[in-house]
Structure formats: structure tokens, C-alpha cells
Amino acid sequence: EATNGGWINESIVDYYVQYVDTVFTYFAPSVKKWLTFNEPWTFCVEGYDGGQHAPGRCSERDGPSACPQGNSSTEPYLCTHNVLLSHA
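Keep in mind it's a predicted model, so treat the numbers as computed, not measured.

Definitions and limits used
- Residues numbered from 1 in each chain as written.
- Predicted model: local features only at pLDDT ≥ 70, side-chain atom pairs only at ≥ 80, totals over all residues.
- Heavy atoms only, no water.
- Axes fitted to C-alpha atoms, helices over the stretch in contact; angles between N-to-C directions.
- Helix = DSSP H or I, 4+ residues; strand = E, 2+ residues; numbered from the N terminus.
- Left-handed = near helix turned anticlockwise from the far one by under 90°.
- Contact = heavy atoms within 4.5 Å.
- Nonpolar A, V, L, I, M, F, W, Y, C, P; charged D, E, K, R; others polar.
- Buried < 20%, exposed > 50% of the residue type's maximum accessible area, 1.4 Å probe, protein only.
- Polar contact = N/O pair within 3.5 Å; in protein donor to acceptor, adjacent residues only side chain to side chain.
- Phe/Tyr/Trp six-rings, centres within 6.5 Å; stacked < 30°, edge-to-face > 60°.
- Expected span 1.5 Å × (residues − 1).
- Core = buried A, V, L, I, M, F, W, Y, C linked by side-chain atoms within 4.5 Å.

Right, let's get into the packing of helix α1 (residues 11-27) against helix α3 (residues 75-87). Look at α1 against α3: their axes get within 9 Å of each other, and the N-to-C directions meet at 35 degrees. Crossing hand, α1 versus α3: right-handed. Together, I12, V13 and Y16 of α1 and N82, L85 and S86 of α3 make up the contact between the two elements. A class-by-class count of the residues in the contact of α1 with α3 yields four nonpolar, two polar and no charged.

For helix α2 (residues 40-48), the complete set of buried residues consists of T42, F43, C44, E46, G47 and Y48. Of the surrounding elements, those touching the buried residues of α2 are α3.

Here S72 lies in the loop between α2 and α3. Here the side chain of S72 touches D49 through a polar contact of 2.8 Å, landing on its backbone oxygen. Dropping the residues within four chain positions of it, S72 is found in contact with Y48, D49, C58 and S59.

Let us now look at the packing of aromatic side chains. In this description, an aromatic ring pair is defined by two values, namely the gap between the centres and the angle between the planes. Taken as a whole and assessed by the stated rule, the structure comprises seven aromatic pairs. Measuring from ring centre to ring centre gives 5.8 Å for W7 and F43, while their planes differ by 40 degrees; the resulting arrangement is tilted. With W7 in the segment before α1 and F43 in helix α2, the pair connects residues that are 36 residues apart, well separated along the chain. For the ring pair F24 and W34, a centre distance of 4.5 Å and an interplane angle of 65 degrees mean the geometry is edge-to-face.

Moving on to α1. In a regular helix each residue adds 1.5 Å, so 17 residues correspond to 24 Å; α1 covers 25 Å between its end C-alpha atoms and thus fits that length. Next to the buried residues of α1 lie α3.

This part takes up the nonpolar core. Among the nonpolar cores identified, the biggest contains twelve residues, and these are W7, I8, I12, V13, Y16, V20, F37, F43, C44, Y48, C79 and V83. Mapped by element, the contributors of at least two residues to this core are α1, α2 and α3. Considering every element that reaches this core, the biggest residue donor is α1, with four residues.

Right, let's talk about the side chain of N82 for a bit. Mapping N82 onto the fold places it in helix α3. Here N82 falls in the buried class, since its relative accessible area comes to 2%. Leaving out residues up to four positions away in the same chain, N82 has contacts with W7, I8, N9, E10, I12 and V13.

Pasting the structure below:
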């Protein structure tokens with residue numbers, strides 16, 4: 001997150017593809033069923049809109065739900081977009 005923006009940066013797609021290629025190479029013989037993402041809504045919306053989950057980003061700057069940085073208007077959509085690209 002700190003170095004490249006995490007799921008809101010499109011470069012994550014290439015990183016994820018590299019990760020998946022590595023995992024498939026080593027575990028394909030022993031794993032019969034694969035799951036690409038578990039609950040992407042949770043980490044995209046609650047991580048980039050509400051800030052309740054990592055990376056804790058949102059537009060709220062004051063109050064009990066305050067986050068130090070983020071943009072709730074765009075970041076959940078960027079995250080979702082990049083998750084879908086990675087999944088494809």
C-alpha cells in the first residue's frame with residue numbers, strides 16, 4: 001500500500017498475475033479447487049470507503065470514523081476495477 005497504492009493502483013494487476021502464476025506452479029498438483037478472491041466487496045468497500053478494514057482509507061477526516069487519507073468517491077471503484085482485472 002505505501003509503495004504503490006495497493007488495490008487502487010493498476011500495477012497491482014501484474015503483481016497479482018505473477019503471484020497466481022507462482023502459486024499455481026507450486027501447488028497445482030495438490031490443489032483441485034481454487035478461489036481467486038474471498039469477499040472482494042469487504043476489502044474494496046470497507047477498506048477504501050468506510051475505512052473499517054485495511055488499508056483504512058476514507059474521505060471522513062473528523063469523528064469516530066476518521067481516516068488519515070483516502071477518497072471514498074473513487075477508491076472503492078478503483079479497487080473493484082483492479083480486482084476484476086486481476087480475476088480475469
